[in-house]
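Residue-level listing of the chains:
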Amino acid sequence: MNKRLEELYKEAPYSLKKAEKQALYQCVLSELTLHHYTHCKEYKKVLDAMGYDPQKEAPLEMQPMLPVRLFKEYDLLSVPREEVAKTMTSSGTSGQKVSRVFLDKANTRAQTKALTEIISSFIGKKRLPLLILDTKLALKDRSMFSARGAGIVGFSTFGREIMYALDENMQLDLSGIRQFLEKHNGEQILMFGYTYMIWQYVVCALRETKTSLAIEHGSLFHIGGWKKLKDQMVDALTYNKAIQEVLGNVSVHNYYGMAEQLGSVFVECEYGHMHCSNFSDVLIRRPEDFSCAGKGERGFIELVSLLPTSYPGHILLTEDEGEIMGEDDCPCGRNGKYFKIHGRIKGAEIRGCSDTYERH
């Protein structure tokens, strides 16, 4: 793989500007496309049917994209099965097909390194006391484990002295939380959870008892679908304000990602923008002809990642709608594209970890 990609791990994760990133992506993505074409027969069939020539370098907007739903229908892998070290599954409701993503050791390491660089740029390199706003059952109960359990395990690498805020009955362990916060008084507290579950089982529960945890310095990262919250007329501004009312002085970072592209997540900055890192990019496709939409134009979100080598997940057409807000000019100072997500395409399956919890 391109040596320049290895060098990215040594750089700040939002350092690349437009011209350098375009040159890098044209080279690396062309290599990845040829690699998967050569080693994944199902991917080869798709490209052959499209009449695409993987031997030629092509700009990002001309690279072939896979509908993310194909991972529900086929086992797509570009390494021998005996080299698969981990098989990830996406979240889904009962009876709904789930995506299967096959990772070898090298791909697992790459995803872990990229995720570490991205999250560390927000919280620093030091491991922090970690409060998981979930239950341990998310790891023990196989019906819950998948992207949700893996998310907790993955984020746990940034924490120490981990505590779970919810008991096995999904009730807040207020006594245990207070002891945890008292023990780490004066330290930065790291928190992680799934968007709707935090609202339902933490925010609403604390509001009912008129309780505030009064955290002095905290950082909350949350991920998951917004459908249930939108049904309750809860937007991001309302959500963040409520978090700070019941938890205290907490910076809130929503982030966007999926099992099919673990590692290259898109984190929300202080100005509410989802950012592409050096490891990822985003395009918006017009629904009528799949041409590239311009800045501020809504369409289907196409996610691009430099990380997938053991499976052909480097360029995926999602079932989400969004728009690009800008590039290299966010007030937060991070380079790269930043964008807005408008939600699921009408008629698409519900698949968010927190949206699907109650259906399990």
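Here the residue index of a chain counts from 1 through its sequence in written order. Only residues with pLDDT of at least 70 are given local features in this predicted model, and only at 80 or more are side-chain atom pairs given and counted; all residues enter the totals for whole chains, interfaces and linings. Side-chain measures were taken over the full set of non-hydrogen atoms in the model, leaving aside hydrogen atoms and water.

Visitor: What should I look at first to understand the packing of helix 9 (residues 195–208) against helix 11 (residues 236–247) in this one?
Guide: The geometry of a pair of packed helices is captured by two quantities: the angle between their axes and the separation between those axes. Each axis is a line fitted through C-alpha atoms, and for a helix only the stretch in contact is used; angles between axes span 0 to 180 degrees, taken between their N-to-C directions. Numbering goes from the N terminus for both helices and strands, where a helix is a DSSP run of H or I of at least four residues and a strand is a run of E of at least two. Two numbers describe how helix 9 lies on helix 11: the axes approach to 10 Å, and their chain directions differ by 45 degrees. Looking at the two axes, helix 9 sits oblique to helix 11. Like other packed secondary-structure pairs, helix 9 and helix 11 cross with a definite hand, here left-handed. Contacts from Thr195, Ile198, Trp199, Val202, Val203, Leu206 and Arg207 in helix 9 reach Thr238, Tyr239, Ala242, Ile243, Glu245, Val246 and Leu247 in helix 11. Note on residue classes: Ala, Val, Leu, Ile, Met, Phe, Trp, Tyr, Cys and Pro are nonpolar, Asp, Glu, Lys and Arg are charged, and everything else, Gly too, is polar. Classifying every residue of the contact of helix 9 with helix 11 by side-chain character gives 10 nonpolar, 2 polar and 2 charged. By the definition adopted for this analysis, an angle is roughly parallel if under 35 degrees, roughly antiparallel if over 145, roughly perpendicular if from 65 to 115, and oblique otherwise. For a crossing to be left-handed, the near helix must be turned anticlockwise from the far one by less than a right angle; the clockwise case is right-handed. For this analysis, residues touch if any pair of their heavy atoms sits within 4.5 Å.

Visitor: Could you clarify how one ought to interpret the pattern of salt bridges in this entry?
Guide: Where charged atoms of side chains with opposite charge meet at close range, the side chains can pair. Salt bridges are defined as contacts in which a side-chain nitrogen from Lys or Arg sits within 4 Å of a carboxyl oxygen from Asp or Glu. Under the counting rule described, the total for this entry stands at 18 salt bridges. Here Arg69 makes a salt bridge to Glu319, at a shortest N to O gap of 2.6 Å. Remark: Glu319 occurs in strand 13 (residues 315–327) and Arg69 occurs in the loop between strand 1 (66–67) and helix 4 (70–73); sequence separation between them is 250 residues. According to the relative accessible area criterion, Glu319 is buried, its value standing at 12%. Asp281 is the partner of Lys337 in a salt bridge, and the nearest nitrogen-oxygen pair spans 3.4 Å. The buried label applies to any residue whose accessible area, calculated with a 1.4 Å probe on protein chains only, is under 20% of its type's maximum; exposed applies above 50%, and partly exposed to all values in between.

Visitor: Would you explain helix 11 in this entry?
Guide: Helical geometry: 3.6 residues make up each α-helical turn, so side chains three or four residues apart lie on a common side. By definition here, a helix of n residues has an expected span of 1.5 Å times n minus one. Taking 1.5 Å per residue, 12 residues should reach 16 Å; helix 11 reaches 16 Å between its end C-alpha atoms and fits that length. Every buried residue of helix 11 is accounted for by Tyr239, Ala242, Ile243, Val246 and Leu247. Down the axis, helix 11 shows its buried residues gathered within 105 degrees of arc, on one side only. More than 90 degrees from the buried face of helix 11, the exposed residues found are Leu237 and Lys241. Each element contacted by the buried residues of helix 11 is listed here: strand 6 (189–194), helix 9, strand 7 (215–223), helix 10 (227–231) and strand 8 (248–256). This arc corresponds to the set of directions leading from the helix axis out to the C-beta atoms.

Visitor: Just checking my understanding: could you explain the state of the cysteines for this structure?
Guide: By definition, a disulfide links the sulfur atoms of two cysteines through a covalent bond. In this description, the term disulfide denotes a pair of cysteine sulfurs within 2.5 Å. Per the stated rule, a full pass over the model turns up 0 disulfides. Take Cys276: it sits in no disulfide, and the sulfur closest to it among the cysteines is that of Cys330, at 12 Å. Among the residues examined, Cys276 registers a relative accessible area of 1% and is labelled buried. Not engaged in a disulfide, the cysteine Cys292 finds its nearest cysteine sulfur in Cys276; these two sulfurs lie 13 Å apart.

Visitor: Just to check I follow, could you spell out the side chain of Gln188 for this structure?
Guide: One can find Gln188 in the loop between helix 8 (174–183) and strand 6. For this analysis, a polar contact is any N or O atom pair within 3.5 Å, provided that within protein one partner can donate a hydrogen and the other can accept it, and provided that sequence-adjacent residues contribute only side-chain to side-chain pairs. For Gln188, the side chain forms a polar contact with the side chain of Ser219, separated by 2.9 Å. Once you skip the residues sitting within four places of it in the chain, Gln188 turns out to touch Ile123, Leu128, Pro129, His217 and Ser219.

Visitor: Help me out: how do you make sense of unusual backbone geometry in this one?
Guide: Excluding glycine, a negative phi dihedral is what most residues carry, and trans is how most peptide bonds are arranged. Phi angles above zero are rare outside glycine, and Glu161 is one such case at about 50 degrees. Here Glu161 lies in strand 5 (residues 159–166). For Glu161, a relative accessible area of 39% puts it in the partly exposed group. Look at Phe290: it is not a glycine, yet its phi comes out positive at around 65 degrees. Examined against the element boundaries, Phe290 turns out to sit in the loop between strand 11 (280–285) and strand 12 (299–305). Classification of Phe290 as partly exposed rests on a relative accessible area of 35%.

Visitor: What is the right way to read the environment of Glu73 from this model?
Guide: Structurally, Glu73 is set in helix 4. Taking the C-alpha atoms as reference points, Glu73 and Val98, 25 residues apart in sequence, are found 8.5 Å from one another. For Glu73, the side chain forms a polar contact with the side chain of Lys97, separated by 2.9 Å.

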